[in-house]
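Spelled out, the chains give:
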Amino acid sequence: MKLFAIFGNPVSHSKSPLMHNMLFKNLNINACYTRVKLEDGTKLKEKFLALGLSGANITVPHKEEAFLACDEVVGFAKQIGVVNTMIIRNGKLIGYNTDADGFIYAIKDFKNIKSALILGAGGTAKALASRLKIDNIKVDVLNRSGSKLSYFSEFDTYTWESFKPKTYDIIINTTSAGLNDDALPADKNLLKNLLNSAKYATDAIYGKVTPFLKLAYENGTPTKDGLDMLLAQGVLANMLFCNNAHSYETTKEHMQKALEL
Ligand code: NDP
């Protein structure tokens, strides 16, 4: 039996085991996916090998540590230095990033996006900003504090103090504001102003209506929470785990059933 896992801290809330195991069961694949709470990210490779894993996902806060743990990093993950999926091939740990493409799949119904404001400057913001840029979308980044903004040298970046509202097609919350509290990711009046002129709003957080999404609903802005992104990044990761044996649509059909339980 092949064994897969998600590493994170916290990790108990993760829906990834449900999604991957649903597909393995439905397609009679002899594999199992578990979760591992990992406090020290530098132990990632050691743990992966000790457990005899065939592949893994990595979530908050170890995605940058995962990049360092890999023997080889492929594609977009290499560009941004953030890995959320690992597989073992010929004894080597190979790293990928499926979050960014997952987000693009998740917003494919949102048309004519030419500009985006990303709230937050963590790992998710890095992945989304760089990926949207590839699609020629003008991205600005607004973060509570300045220290994480140095990564975003190719973008216009602002702190809460330096930001002057503009019009954006989409406002994307990648902060953890609202995850375990009732915080908004920026000043309420500023957000209202931005949402008034935006076509769409999305939040990377899933499983709850965050204060940011609530504000967007009240404003009548079309929204998406992070569930579609979660599903899409999981589908792309599972295709890597299964060596592309199943199509995107087949993989999605099975994994989606786990989210309907
Ligand atoms: P990081 O810890 O790397 O970054 C968090 C960011 O949030 C920082 O920029 C931080 O600002 C900001 N922040 C935290 N609290 C507040 C607050 N109260 N007000 C304003 N800004 C705040 O996290 P990640 O980028 O890895 O993840 C961010 C979120 O995205 C998480 O909630 C995670 O669950 C979700 N996520 C969802 C995915 C999905 O598939 N749906 C995939 C990946 C992530 P500062 O620099 O000032 O501290």
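Look up a bit, the structure's there.
A brief report on the enclosed structure follows. Every residue gets a number counted from 1 within its own chain, in the order that chain's sequence is written. Only residues with pLDDT of 70 or above have their local features reported here, since the model is predicted, and side-chain atom pairs are shown and tallied only from 80 upward, although totals for entire chains, interfaces and linings are computed over all residues. To obtain the side-chain values, all non-hydrogen atoms of the structure were used and water was disregarded.

**What about the environment of Ile94?**
Secondary structure elements follow DSSP: runs of H or I of four or more residues count as helices, runs of E of two or more count as strands, with numbering from the N terminus. Within the fold, Ile94 resides in strand 6 (residues 92–96). Type-normalised accessible area, obtained with a 1.4 Å probe on protein chains alone, sets the label of each residue: buried when under 20%, exposed when over 50%, and partly exposed for intermediate values. Judged by relative accessible area, Ile94 falls into the buried class, the value being 2%. Between the C-alpha atom of Ile94 and that of Gly55, which follows or precedes it by 39 residues, the distance is 9.2 Å. Residue contacts for Ile94: discarding those within four places in its chain leaves Cys70, Glu72, Val74, Thr85, Met86, Ile87 and Arg89. Every residue pair with non-hydrogen atoms within 4.5 Å of one another is taken to be in contact.

**With respect to the pairing of strand 5 (residues 85–89)**
Think of it this way: DSSP has to see at least two bridges between two strands before they count as a pair. Of the pairings in the sheet, the one linking strand 3 (residues 55–58) to strand 5 comprises 3 bridges and is antiparallel in character. Counted as the bridge partner of Ala56 is Met86 from strand 5. The hairpin formed by strand 5 and strand 6 contains 2 residues between the paired strands, and Asn90 there has a positive phi angle of roughly 50 degrees.

**Remarks on helix 9 (residues 227–241)**
Over its 15 residues, helix 9 runs 21 Å from end to end, which matches the ideal 21 Å to within 8%, given 1.5 Å per residue. Helix 9 sits mainly inside the fold: 13 of its 15 residues count as buried. Positive backbone phi, approximately 55 degrees, marks Asn243, located one or two places after helix 9. An expected span of 1.5 Å times one less than the residue number is assigned to each helix.

**Overview of the sheet that holds strand 12 (residues 223–224)**
Pairing in this open sheet of 6 strands is parallel, and the strands run 9-8-7-10-11-12 from one edge to the other. Where the open sheet ends on each side, the last strands, each with one partner, are strand 9 (156–159) and strand 12. Judged from the 4 bridges that link them, strand 8 (residues 138–143) and strand 9 form a sheet pairing that is parallel. Its bridge partner lying in strand 9, Asn143 is registered against Thr159. Running at roughly 170 degrees to strand 7 (residues 115–119), helix 6 (residues 123–134) makes contact with strand 7, strand 8 and strand 10 (170–173) of the sheet. On the sheet, helix 8 (residues 211–219) packs against strand 7, strand 10, strand 11 (200–203) and strand 12 and is oriented at approximately 160 degrees with respect to strand 11. Orientation is described by lines fitted to C-alpha atoms, with helices fitted over the stretch in contact, and by angles between N-to-C directions that extend from 0 to 180 degrees.

**Some thoughts on the site of the ligand**
Lining the immediate surroundings of the ligand are 26 residues, of which Thr124, Asn143, Ser145, Lys148 and Ala204 lie closest. Between an oxygen atom of the ligand and a side-chain N or O atom of Asn143, the distance comes to 2.8 Å. The definition of a polar contact used here is a pair of N or O atoms within 3.5 Å, where within protein one atom must be able to donate a hydrogen and the other to accept one, and adjacent residues in sequence count solely through side-chain atom pairs. Ala204 places a main-chain nitrogen or oxygen 2.8 Å from a nitrogen atom of the ligand. Values of accessible area rely on a 1.4 Å probe in the Shrake-Rupley scheme; residue burial ignores everything except the protein chains shown. When the free accessible area of the ligand is taken as 940 Å², the share hidden by the protein chains comes to 83%. Only Asp, Glu, Lys and Arg are considered charged, only Ala, Val, Leu, Ile, Met, Phe, Trp, Tyr, Cys and Pro nonpolar, and every remaining residue, Gly among them, polar. Grouping the constituent residues of the shell around the ligand by class yields 13 nonpolar, 10 polar and 3 charged. To be near a molecule or strand, a residue needs just one of its heavy atoms within 4 Å of it.

**Considerations on the sheet that holds strand 4 (residues 72–73)**
Taken in spatial order, the 6 strands of this open sheet run 2-1-3-5-6-4, and their pairing is mixed. For this open sheet the edge positions go to strand 2 (31–37) and strand 4, each flanked by a neighbour on one side alone. Where strand 5 and strand 6 come together, 5 bridges link them in antiparallel fashion. Note that in strand 6 the partner of Ile88 across the bridge is Leu93.

**Describing the packing of helix 5 (residues 99–106) against helix 9**
Remark: helix 5 packs on helix 9, axes separated minimally by 7 Å, with the N-to-C direction vectors making an angle of 125 degrees. With respect to their mutual orientation, helix 5 and helix 9 come out oblique. Regarding helix 5 and helix 9, the two cross each other, and that crossing is right-handed. Contact with helix 5, carried on its side by Asp99, Asp101, Gly102, Phe103, Tyr105 and Ala106, involves Asp228, Met229, Ala232, Gln233 and Leu236 of helix 9 and no other residues of that element. Class assignment for the residues of the contact of helix 5 with helix 9 results in 6 nonpolar, 2 polar and 3 charged. Here the angle decides the label: under 35 degrees means roughly parallel, over 145 means roughly antiparallel, 65 to 115 means roughly perpendicular, and every other value means oblique. In this scheme the crossing of two helices becomes right-handed for a clockwise turn of the near helix relative to the far one and left-handed for an anticlockwise turn of less than a right angle.

**Concerning helix 7 (residues 188–197)**
Those residues of helix 7 that sit buried are Leu190, Leu191, Leu194 and Leu195. The buried side chains of helix 7 occupy one side of the element, clustering within an arc of 130 degrees when seen end-on. Opposite its buried face, helix 7 presents the exposed residues Asn189 and Asn196, each directed more than 90 degrees away. Looking at the buried residues of helix 7, the elements they touch are strand 7, strand 8, strand 10, strand 11 and helix 8. In this context, the arc is that of the directions from the helix axis out to the C-beta atoms.

**What to know about the state of the cysteines**
Two cysteine sulfur atoms form a disulfide, by the criterion used here, when they sit within 2.5 Å. Scanning all chains against the criterion turns up 0 disulfides. Cysteine Cys32 shares no disulfide, and the gap to the nearest cysteine sulfur, in Cys242, comes to 13 Å.

**Here's the deal with the packing of helix 5 against helix 6**
In the contact formed by helix 5 and helix 6, the axes pass within 8 Å of each other and the chain directions differ by 65 degrees. In terms of crossing hand, the pair formed by helix 5 and helix 6 is right-handed. Between helix 5, through Asp99, Ala100, Asp101, Phe103 and Ile104, and helix 6, the contact on the second element is made entirely by Ala127, Leu128, Arg131 and Leu132. Taken together, the residues that form the contact of helix 5 with helix 6 break down as 6 nonpolar, no polar and 3 charged.

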